[in-house]
Amino acid sequence: MKYHPINNELFIKNRKNFTSNMKPKSLAVFNSNDIYPISADSIMPFEQHRDIFYLSGVDQEESILVLFPDCPKEKHREILFLKETNEHIAIWEGEKLTKEKAFQTSGIKTVYWLQDMEKIMFEIMTQCDTVYINTNEHYRANVETETREVRFTKWLKEKYPAHAVAKSNPILQRLRSIKDNIEIDLIQQACNITEKGFRRILKFVKPDVWEYEIEAEFMHEFLRNRSKKFAYTPIVASGNNANVLHYIENNQQCKAGELILMDVGAEYANYSSDMTRSVPVSGKFTPRQKDVYNAVNRVKNEATKMLTPGTIWAEYHVEVGKIMTSELLGLGLLDKADVQNENPEWPAYKKYLMHGTSHHMGLDTHDYGILTEPMQANMVFTVEPGIYIPDEGFGIRLEDDVVIQENGQPFNLMRNIPIEADEIEDIMNS
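For the structure given in this document, a descriptive report is provided here. Note that the coordinates shown come from a computational prediction; the quantities given were computed from them, not determined experimentally.

What follows concerns the packing of helix α5 (residues 117-125) against helix α6 (residues 148-159). Look at α5 against α6: their axes get within 12 Å of each other, and the N-to-C directions meet at 50°. Here α5 lies oblique to α6, going by the angle between them. Of the two elements, α5 crosses α6, and the hand of that crossing is right-handed. Between α5 and α6, the contacting residues are Met117, Glu118, Met121 and Met125 on the first element and Phe152, Trp155, Leu156 and Lys159 on the second. Taken together, the residues that form the contact of α5 with α6 break down as 6 nonpolar, no polar and 2 charged.

Dropping the structure here:
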């Protein structure tokens, strides 16, 4: 792994929090992700399932975590099953986790090789009544492949049909949405790496540069700072491309006078950052571009103030819509008649801002969190309003990542990343 070792106190605490929510005489099982093939002998880079990572720190394929807090045999209350390493694997793929290294990483003392899994599972399944299975119930989930987790669940339910089944996801949705201080530090590191990338491209951007060259500059800076990749597919959208919300081709030339919308974030230790900035190709905004830019920035600043404990996500977006409506009136993009005659289900401002303003962020860029429940301290949210004007050939979005505090305004993890229009121009022209 490129990242520094993580204090295993985080994973010990996460497991304790999870098991305290389990039913009596129950166990929970979590699987690593598959390694997915491309073609021939090519494979996609491995990405660990965030739930097993959250609970163990294990960042390796073919791993299984079992939690059984009421197990009569104390050594089986926490179990890791790992792929057994050998000399051949070490030569061709590199060293895998040993039992000792797995203990250092996770704090779990009982580690078996994967070939012992069915035998050990039979023993502990005879001692429990309920099995927690791990289903993907994220509100944005759209999974067409059969995951390792799904295959394991099928096997488990077929082999042990008399056991009651419960879901891990509702517990994890609540636990993962509230970040430990160690997690916040890791997200801060991801944001700091993103800052380095952004400052690099502010010196790099000029007329006739290509979008993919900007993407490459970000990736260069991310890799040299221990990030293995972008936290999500990067958007580098010049001119009217910015009005395509999920533009990812990044294959056009940036022309003088245009703006570039960059929705880019580094990952660090599997934790995400999520930044959006809009900058002028020529190093200076036109008066109209700056007016729209400053309007978006004001909406972002006002929206940020509302992210406090007790806030309801849906109600927050209604209030953000009111602020955006006021700014659009000031820019002449809406008039009073547009607002008076608007459809409540699709308010007038939605013509220029079609997406939400905030989402949970953490191990996943669109992280776990139950949107119908009030916000709490130590939740991490993005704040990302935008104004998109195809008729004028540009779109602007600004985005920071913030931590909700017990009192007062959120703490901005991207407070050091340039965002004021004048500062952007100063850096680009220095």
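After presenting the structure, the write-up continues.
Turning to the pattern of salt bridges, a few remarks are in order. One pass over the structure, following the stated rule, counts 33 salt bridges. Two residues, arginine 176 and aspartate 51, come together in a salt bridge whose shortest N-O distance is 2.6 Å. In this pair, arginine 176 sits in helix α7 (residues 169-177) while aspartate 51 sits in helix α2 (residues 50-56), placing the two residues 125 residues apart along the sequence. Of the residues examined, arginine 176 reaches a relative accessible area of 1% and is grouped as buried.

As summarised here, the arrangement of the 3 strands in space is β9-β10-β13, forming an open sheet in which the pairing is antiparallel. Where the open sheet ends on each side, the last strands, each with one partner, are β9 (235-238) and β13 (275-280). Each neighbouring strand pair of the sheet contributes to a mean axis angle of 10°, computed without reference to strand direction. Where helix α8 (residues 181-204) meets the sheet, its contacts fall on β10 (259-264) and β13, and the angle it forms with β13 comes to roughly 10°.

Basis of the calculations
Residues numbered from 1 in each chain as written. Predicted model: local features only at pLDDT ≥ 70, side-chain atom pairs only at ≥ 80, totals over all residues. Heavy atoms only, no water. Axes fitted to C-alpha atoms, helices over the stretch in contact; angles between N-to-C directions. Helix = DSSP H or I, 4+ residues; strand = E, 2+ residues; numbered from the N terminus. Parallel < 35°, antiparallel > 145°, perpendicular 65-115°, else oblique. Left-handed = near helix turned anticlockwise from the far one by under 90°. Contact = heavy atoms within 4.5 Å. Nonpolar A, V, L, I, M, F, W, Y, C, P; charged D, E, K, R; others polar. Salt bridge = Lys/Arg side-chain N within 4 Å of Asp/Glu carboxyl O. Buried < 20%, exposed > 50% of the residue type's maximum accessible area, 1.4 Å probe, protein only. Pairing = 2+ DSSP bridges.

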